[in-house]
Amino acid sequence: MGRPSKRNDIVQAAARLFADHGLAAVSINDIAKACGVRAGSIYRHFESKEDLFEASLHLVLDEAQAARHGFLSSGPRPEEKLKTSIYRSILEH
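All values reported here derive from a predicted model rather than from experimental measurement.

*Asks:* I'm lost on the overall build of the protein in this one. Help?
*Replies:* Per the secondary structure count, the protein includes five helices and zero strands. For the protein, the proportion of its 93 residues judged to be buried stands at 28%. Residue pairs in contact within the protein that sit at least 24 positions apart in sequence constitute 51% of those at least 6 positions apart. Counting only carbon and sulfur atoms, one obtains 56% of the accessible surface of the protein, whose full area is about 6600 Å².

Right, dumping it as structure tokens:
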């Protein structure tokens, strides 16, 4: 399947491009160029652009969950954390 770090590089590049331009506007070639690999290398890790999009969604959601966990496990009183967390969630959506 290839190196996990290369797979991660591909997913991160794809996530940035998908966030900036949307799924339909981003090609496998765009992603390959952004992470410095050939397009064929991407297909060693993912069967399709849609599979790569799904992996990028998991990455973004995992990062958001980790950020929330870090936020909730430190800092001000629980009530303030809850208010801030709700406010951030609203801004994200």
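From this point, things continue past the structure.
*Asks:* Looking at this structure, how should I read a negative patch on the surface?
*Replies:* A contiguous patch of negative charge on the surface is contributed by E47, E50, D51 and E54. Looking at where E47 falls in the secondary structure, it is placed in the loop between α3 (39-45) and α4 (49-72). With relative accessibility at 74%, the residue E47 sits in the exposed group.

*Asks:* What is the right way to look at the packing of aromatic side chains in this model?
*Replies:* The geometry of an aromatic ring pair comes down to the distance between the two centres and the angle between the two planes. Across all of its chains, the model carries one aromatic pair by this definition. On the numbers, 5.1 Å between centres and 75 degrees between planes, the contact of F18 with F53 is edge-to-face. Highlighted residues: F18 in helix α1 (residues 4-21) and F53 in helix α4, separated in sequence by 35 residues. Owing to a relative accessible area of 7%, F18 belongs among the buried residues under this scheme. You can call F53 partly exposed: its relative accessible area is 26%.

Each value, and the rule that gives it
Residues numbered from 1 in each chain as written. Predicted model: local features only at pLDDT ≥ 70, side-chain atom pairs only at ≥ 80, totals over all residues. Heavy atoms only, no water. Helix = DSSP H or I, 4+ residues; strand = E, 2+ residues; numbered from the N terminus. Buried < 20%, exposed > 50% of the residue type's maximum accessible area, 1.4 Å probe, protein only. Contact = heavy atoms within 4.5 Å. Areas by Shrake-Rupley, 256 points an atom, 1.4 Å probe, with all protein chains shown as cover. Patch = residues over 30% accessible without salt bridge, like charges linked within 9 Å, V, L, I, M, F, W, Y side chains within 5 Å. Salt bridge = Lys/Arg side-chain N within 4 Å of Asp/Glu carboxyl O. Lys, Arg positive; Asp, Glu negative; His and termini not counted. Charge placed at Lys NZ, Arg CZ, Asp CG, Glu CD. Phe/Tyr/Trp six-rings, centres within 6.5 Å; stacked < 30°, edge-to-face > 60°.

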